[in-house]
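Residue strings, one per chain:
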Amino acid sequence: RDVRKGDCVVTFSRDDIHAVKRLVESANPGVRCCVVYGSLPPETRAEQARLFNEPDNSYDVLVASDAIGMGLNLNIGRVLFRRVLKFGGDVAPLTDA
């Protein structure tokens with residue numbers, strides 16, 4: 001909720017990215033979010049980055065996965081992590097040991 005122009009909120013699932021976008025926009029009237037995640041087409045990722053980087057538009061916050069580290073030049077002022085753990089797809093079975 002305490003987001004500012006130029007912030008990037010990082011989370012690791014597409015569903016959570018869209019949930020955070022809705023939360024930020026509803027809690028901060030007038031703030032609009034761009035989104036970036038790995039399965040977006042490269043053209044769409046580039047367009048979202050362009051919108052976020054343009055100083056004279058209404059897109060103030062970026063909500064993204066770790067895909068922001070894949071070749072995008074972003075003018076991020078502050079990084080906020082919604083999650084600090086990323087599910088990698090491997091689940092260890094529970095044992096009684």
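(A) View of the overall build of the protein. Scanning the protein from terminus to terminus reveals two helices and four strands. For the protein, the sequential pattern of α-helices and β-strands runs β-α-β-α-β-β. For the protein, with 97 residues in total, the buried portion stands at 37%. When contacts within the protein are restricted to residue pairs at least 6 apart in sequence, long-range pairs at least 24 apart make up 70% of them.

(B) Just the sheet that holds strand β2 (residues 32-36), in detail. An order of β2-β3-β1-β4 is seen for the four strands of this open sheet, with the pairing classed as parallel. At either margin of the open sheet sits one strand with a lone partner, and together these are β2 and β4 (78-81). Neighbour-to-neighbour, the strand axes of this sheet turn through a mean angle of 25 degrees, independent of strand direction. Two elements, β2 and strand β3 (residues 59-64), share five bridges in a ladder whose sense is parallel. What sits directly across from Cys34, in β3, is Leu62. Here helix α2 (residues 42-53) sits on the sheet in contact with β1 (7-10), β2 and β3, set at roughly 145 degrees to β2.

About the cut-offs
Residues numbered from 1 in each chain as written. Predicted model: local features only at pLDDT ≥ 70, side-chain atom pairs only at ≥ 80, totals over all residues. Heavy atoms only, no water. Helix = DSSP H or I, 4+ residues; strand = E, 2+ residues; numbered from the N terminus. Buried < 20%, exposed > 50% of the residue type's maximum accessible area, 1.4 Å probe, protein only. Contact = heavy atoms within 4.5 Å. Pairing = 2+ DSSP bridges. Axes fitted to C-alpha atoms, helices over the stretch in contact; angles between N-to-C directions.

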